[in-house]
Structure formats: C-alpha cells, structure tokens
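Commentary on secondary and tertiary structure
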Amino acid sequence: MRSSFAVFNVLLKNSGLVIFLTALATILATAAFAGFFKETPKPNNQAIVLVVQGLIITMSLLLSWAQRFGKLIRSGFNHLKVGFNQSIWVSLLMMISVFLLIPSFTIMALGFGTPLQLSLVVTIAVFCTIITIISSIAGAILMASTVLYLTTELARVEKNPGSAFFDFLTINPYFILAFILVLSLIILQLYIQTYGPNRPRKRTAQTESNEEISLRLKKPNALTSFFDRGWIQVKYQIGRRLGAIRNAKDIALLSGQYQTIAILRGVLLLTFVTGLFYQPINEIVIGFIDGFQNHASAVEKEAPVNLVQFLLVMLLSVLASYDTSLLTKVHFAQRYLWLKLPVDGFSNFKRSLMATVLKSSLVEVTITFLIFWLILRQSSLTGDYYWVLISGFFAFKFYSAFMGVLLIRSKVSHLIYFLVTLGYGVFFAAILYLTATIEFSDSLVLSGFSLVMLMILGVCIYRFSRQSILNT
Amino acid sequence: MQNIIEVTQLTKSFKGQTVLNDISFAVPKGSVVGLLGSNGAGKTTLLQSIIGLHLADQGKVSICGEYVPNLSAATKQKIGYVSQESELLTWMTVQQIIDYTRSFYTRWNANLVNFLINDWALNSSQKIHKLSTGQRQKLSIILAIAPEPDLLILDEPVASLDPISRRKFIKTLLELNTNDAQTVVFSTHITSDLERIAAEVLLLKDGSIYFHGDIDELKEKVAKVHIVANQKLPNQLNIPGVINLIKTEHQASVTVENINDVNIDQLSEQLDANIRIEPLSLDDIFVELHS
C-alpha cells in the first residue's frame, strides 16, 4: 500500500540527491516568486497573496514530512525496517529545511526580515511541526491560523509606513517566543514518553512487504476521525426518525462517506442561512464578497478583506467539488451488500445499488448548489461574475464527478489524481484571479503557483481519503 | 449426495499474475471442508470467487445449482460469509449492526445471537470501532451464523481469536453441523483446528489444488521414509513422488507423495539399507510441502 503522501514518499525512496534538489528547487522557486513581487511594486494584495501562498506551500510540505515522521515513530513495527533511522533523520532534516528556509526566504525577499521576526516565524513553525506530528488536523488548523495572522500583520505593515512586523502585537514578541518554546518542549516531552524508546515494541514481524507504510499499522483504520463517525451516527439517527434513510443501501453507502467535508458544508449552510435573518452575520457575509464587487477599491479596504476573499475562494471550491467519497464507497457497499441484499442476479444488484448512488449524488449536487447560490445571493453579485461563478460551479461539479468515476474505474489512478488536482488548481486560480486586483501577467504566475501548490495538496488529500475509504 | 458448490476450471489473475490456475472441485452438501495453503496460495481469492466477490477470468462456479454471480436472492440468503478482515460498519454499535444485519434475512436465530454475545463477552452497546480485532472477528462470525445459512464460508475465522474463543467457536461450529444441514468451507493455517472440525481438506499450492479428499487419506498417503544405508547412497534415489529430500552419505529422509507407490522391500534391497516409515501429522505434511 502506498503512503497517503505518495509524492513525498517517492522522493524519499530515491537518492539523497533528489531530496536535496527538490528542497533546493522549492526554496529557489519561493525566493524567485518573492523577488518577482518585490521588484514589481503593486498594490498590497499581491504581497499578501504571496505570503499566504508561500506559507501554504510551507504548510503542505511541513505537514507531509511531519505526518510521515509521526507515522514512522508511532508504529510498533517500523523500527524493524531496514533504513528506519535514515528515514527518521531525512524526515527531520526535511522538516527543518522547510520551516527554516522557505519562510525566511519569503520574508527576507520582501524586505521584512529581522532576526526577531525570523525567530518568531521559525519558533511558530517548530511548534506547528510538533503539533502536526501528534495530530495533523490540529497542526493544519494551527498553521492556517498562523498564516492568516501573519498575512494580517503584513497588511498592517504595508498600510502603516514606518511600522514593522509584529509592531501591532499587544504582547511582547520575546514573551511569545519563550512561551511557544516552553510549550513545544513540554508537548515533545509528553510525546516522547508515550512513543519514545521506553515504549514496548515488537521484536519480530512477518511481512512480505518492506514498505514502511505496510508496516505502519496491522489494519489501517479508516474513518478514524471522531467527527466522521459521530456525524454518520447523527445522520443515521435523524434519518431513521425522519424516514429519510429508508433502506439498507443508504446505510451502507453512508458508512464510508468522508464526513468532514459534509460538516464543513453544513457549517456554511448554517452561516449563510443565519445571515439571511441576522444582520451581523449578513455583514460578515457581505464583507466576504466585497472583493468581487469593488475591484478597484479593494486596496483601500481593511486587510482582512483580502483574507476573507482567500477564504471565500476555498469555501467555494469546497462546495463546487463533487464529494467523491460517494463513489469510492460504492466498492465497499458492493462487497458488503452483495450477499445480503435480497435482489435476484448480478445486473439487478448493480442497477439497484447505482440507483441509490445516483439519488445520493443528486442530493449532494442540489444541496451544495443551494448553499453556493445562497452565498451569491447574499453578496448581491450580478452580471458576469455571477454567471461565471454559477457556470463554474456546474462545470467543476461535473468535472470532479467525472474524475471521481474514473478514479474508481481506472487502473491509471496516478493520472486521474493528476487530472483531478489540475482541475482544482484551475478552478482555484480562476476564482483567485477574479478576486485579486492584479494584472493578467501576474495572474498567470499566480495560477501556475496555485496549480503546483494544489497539485501537491490535492494528491495528498485524494490519496488519503481514497485509501481510508477503501479500507473501511 | 448433492453438491452445494461446484467449481469448474476456475482461473483468476490479478495484474497478469495468475492466482488461481484451472481449479476444479465439488463440495457435497453437509460436508465440512478445510482449505489449507501457505500465504499467497490463493485461499482468499478462491473463497471470494466462490461467492462472487471476484469474477472468474475463466471457468465456472455454481452454488446450489446457480451460476455465480447470477445468484437469486433466495440462494444468497443461504450463504454466510466471514472475511479475513472483518468488514463491519465501524460507526455502529454492536446492537445496531445486529439489528441492521437482521433486517436483511427472513431467518434469524436471535437466541443463538444472544447466547454468543454473552458467551463471547461482547457488549451490545459498545461502538464497533472500539472493539479489538478479535472481538470484531467474533461479531462477524455471530452475524454470519445467525441467519442459519446452509453454506457457511469462513476465511481464516480463528486467526484473531484467543485459544479459549477458538475452542468455543469450534464447538459452536460442530454443533451447527451436527444434523449435517450446514456445509462449512473454511480456510485456516491452524491445522489442529482443521483436523478437529473438518473431515475433508483442500490443499492449495501455488494457485492449484495439490490434494482434495479425506484428511485421513492424505495422512495415509504422505509419509517420510528414513533410510540408513550400509554403503554410500547413490546420487539419485529411485523413489517416486518425492516432496522433500534430505540426504547425507549414508542416510536420507525422503517425504513422498504416496507411500503406497514406494516398494519398500525392493528399495531396502537395492540400497542395502534399513528403512523406517514415519507417518506425518497434517501439520508436518503442510510444512514438508512448503519447505
């Protein structure tokens, strides 16, 4: 079985030279990108987008290596693998390279770097790494929050000439630095106590595969998320009481769906429905959309507007993408229900199951479109932007559904992963282009960068969700 | 006796690698067949092909006279299956999955379920994802036998169970089979369990059937011949059906496929040697075949 982070594993399996070249290329690309914007004085948006993107790529790399490191450490088997120590050191080295070099280059290229700022960024990165090793979700949330905060800080600096990074912090940065360091050490100590050398480990293991991920867990746990299981249970209970879940096929198909995306969509629905009746929420929603309506004046607005634009782009992508777990779960449901479902013949069985899948898909498209439409309606968006987004929604929904079908049918899954992430990248970059006040030539650079970033993230996410679901 | 399973020239490959190669056999109704083979011999693929989870590349499989995978609902109701890695809806509680599974079947032995839940110390209100591997396996077995299927197919059912649970499971299986109404096909690595339950064994080796028949018949055929010669043994021993051979200058231990094909007196005279025949247990036979 391949790792969730296949891209990085492939790199790791190859020689140290490849690892070195990859790290070097990433750093040079980030530095060149930063330099490009530094040499091209433009409104603040570009610098903000740059920092966000630079840090997101850092986050994606960091998450991957930290996850890998965590998996290697936590397993009771991996230490038996030849080259275990080497894998550990390479993972650590890559983490250090990523969190030291990329943020430093980005900030220095923009001309904001001071020893204190860099130390704080690095310390935060160390803390995020430690948290990520323990829980990738917690690490991702923490890193995302940091990215958002740093962007706001940068915007403030841009807006107030003569001010420096972290000037707006009400707490002494050195105190924060010390606090984070101490907290990191405590958490690391607890972690080492739990998974460190004192932990009883197996001395022998029989396996035909020496791939570390095969050794990682005897039985890969599928829906490990508390939210996933809890949400399915809630849906099951409510669905049964309301009569919405009427047959066994619904339940079997429900079982493998990756629920986190559904929860996120539920929160969006709740937010925007509340916005219809509650003015303060409505104002936030309008703030979200501000960038669409006021391109020329976006620079003049408060910095968070740019952040929320970025958030909005992500939210729209979440809604517009098709929930492929509906399709990947068909394989499981097919196996699970085959002997149980009282249907004559193989064709009838497949037909019956596919009818349920189509029904679920229709519900998925309808609900997500309603939320999408609700957002656009509250934004009072009109004209070309409105229709571009509406048609973009359906185009991307169709595209991702089609790719989802290919994903479960195709033998060349790597190509499909690539196409899926390519689609995500194009969609993401297109919306970003609409929201950002930038020239067309800049948008090309941004799109390319977004594409690479999303390709990496997309492959990771898709592989992760697919493997999880197939092994439920 | 009527056959409940008929497999004819079954071939199955994955990514160009042949896992099952031209397999043919039949399982009479009411029999208990143990499927034995090393890792990768094709046991799981064979069991899954029988019930239609894999479609055959070539050949045919029929259950109760119906060709797989075009089984009728009535026939599917007669089949119970436990996979190697329990496939359960992990977000449910034990009771929820019992109720859910029960809704599929017209026949359901609730007393047996309650008895086994207590006997195997499972908690009905426990969430499945919190159960251990062994407990999940127990639950899978309970769900498979509760509808009292005519054909029970078990893929390494006891692999995750502790010795006490294994014995309890075997006892339950024997009780279910007492009136010969139920046919059981199960794969295992634990030959002692197989000898305890099954009368018939189907031995798979490299995707083909090496032996299919009574366990006693297999044990009577395969034996080890110990040779102690007064003179130097020749390079080639003229013994038919050699499975395994360990030879020194004056001594040799030869495991043979069928001891009845070996003329012991003639061999003794030919080699000027003392010959002793050692009967082998099923476990020994398995080891000899794969060593």
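Quick note: structure is the one above.
In short, a report on the structure. Small disclaimer: the values here were computed from a predicted structure and weren't measured. (Residues numbered from 1 in each chain as written. Chains lettered and ligands numbered in written order. Predicted model: local features only at pLDDT ≥ 70, side-chain atom pairs only at ≥ 80, totals over all residues. Heavy atoms only, no water.)

Some words on the overall build of chain B
A tally of regular secondary structure across chain B gives ten helices and 14 strands. Here chain B holds 291 residues, and the buried ones make up 53% of them. For chain B, contacts bridging at least 24 residues in sequence account for 65% of all contacts bridging at least 6. Accessible area of chain B: about 13,200 Å², with a carbon and sulfur share of 43%. (Helix = DSSP H or I, 4+ residues; strand = E, 2+ residues; numbered from the N terminus. Buried < 20%, exposed > 50% of the residue type's maximum accessible area, 1.4 Å probe, protein only. Contact = heavy atoms within 4.5 Å. Areas by Shrake-Rupley, 256 points an atom, 1.4 Å probe, with all protein chains shown as cover.)

Considerations on the sheet that holds strand β13 (residues 251-256) of chain B
Residues and elements named next belong to chain B. On the basis of which strands lie adjacent, the open sheet formed by four strands has the order β12-β13-β11-β14 and antiparallel pairing. Two strands in the sheet have a free side with no partner beyond their single neighbour: β12 (242-247) and β14 (273-279). Direction aside, the axes of adjacent strands within the sheet are offset by 15 degrees on average. Bridge count for β12 against β13 is five bridges, and the pairing is antiparallel. Bridge assignment links K247 to a residue of β13, and that residue is A252. Helix α9 (residues 264-271) rests against β11 (223-229) and β14 of the sheet, and its axis sits at about 145 degrees to β14. (Pairing = 2+ DSSP bridges. Axes fitted to C-alpha atoms, helices over the stretch in contact; angles between N-to-C directions.)

Here we look at the pairing of strand β6 (residues 79-82) of chain B
Consecutive side chains of a regular strand alternate in pointing toward one face of the sheet and then the other. Residue and element names in this part refer to chain B. Side chains of β6 alternate between two faces, with I79 and Y81 and G80 and V82 buried alike. Looking at chain direction, β6 and strand β7 (residues 151-155) are connected through four bridges and run parallel. Within β7, the position partnered with G80 by the bridge is L152.

What about the nonpolar core?
Among the nonpolar cores identified, the biggest contains 104 residues, and L337(A) and Y100(B) are the most heavily contacted of them. If you tally residues by element for this core, the top one is helix α14 (residues 325-337) of chain A, at seven residues. When residues are assigned to domains, this core turns out to be shared by domain 1 (3-218) and domain 2 (222-289) of chain B, each giving three or more. Dropping the residues within four chain positions of it, L337(A) is found in contact with A248(A), K249(A), A252(A), F349(A), L353(A), Y100(B) and F104(B). Counting residues in each nonpolar core, the second largest holds 16 residues, with I227(B), V262(B), L267(B) and A273(B) among its members. (Core = buried A, V, L, I, M, F, W, Y, C linked by side-chain atoms within 4.5 Å. Domains from an automatic or database assignment.)

A few points about the sheet that holds strand β10 (residues 208-214) of chain B
Residues and elements named next belong to chain B. Read from one edge of the open sheet, six strands run β6-β7-β8-β3-β9-β10, paired in mixed fashion. Edge strands, defined here as strands with exactly one partner in the open sheet, are β6 and β10. Pairs of neighbouring strands in the sheet enclose a mean axial angle of 15 degrees, with direction left out of account. Pairing between strand β9 (residues 200-205) and β10: six bridges, direction antiparallel. Residue pairing for β10: K205 is matched across the bridge by S208. On the sheet, helix α1 (residues 43-51) packs against β3 (32-36), β6, β7, β8 (183-188) and β9 and is oriented at approximately 150 degrees with respect to β7. Most of the contacts of helix α5 (residues 133-145) go to β6, to which it runs at about 175 degrees, and overall it touches β6 and β7.

Some words on the pattern of salt bridges
Residue and element names in this part refer to chain B. Evaluated as defined, the whole model comprises nine salt bridges over all chains. Taking the shortest distance from any N to any O, the salt bridge between R196 and D193 comes out at 4.0 Å. Residue R196 and its partner D193 are located together in helix α7 (residues 191-197), separated by three residues, close to a single helical turn. Relative accessible area serves as the criterion here: at 39%, R196 is assigned to the partly exposed category. (Salt bridge = Lys/Arg side-chain N within 4 Å of Asp/Glu carboxyl O.)

Some points on the interface of chain B and chain A
Each partner contributes residues to the interface: chain B has 32 residues there, and chain A has 28 residues. Of the roughly 2,800 Å² buried where chain B meets chain A, counting both sides, 58% is carbon and sulfur surface. Of the charged contacts in the structure, one is a salt bridge between E87(B) and R335(A), with a shortest N-O distance of 3.1 Å. For the interface between chain B and chain A, the tally reads ten residue pairs in polar contact (both at pLDDT 80 or more). Breaking the side of chain B that touches chain A down by element, the ones donating at least two residues are α1, α2 (73-77), β6 and α3 (94-102) of chain B. Per element, the largest residue contribution to the side of chain B that touches chain A is four residues, and it comes from α3(B). (Buried area = accessible area lost by both parts, 1.4 Å probe. Polar contact = N/O pair within 3.5 Å; in protein donor to acceptor, adjacent residues only side chain to side chain.)

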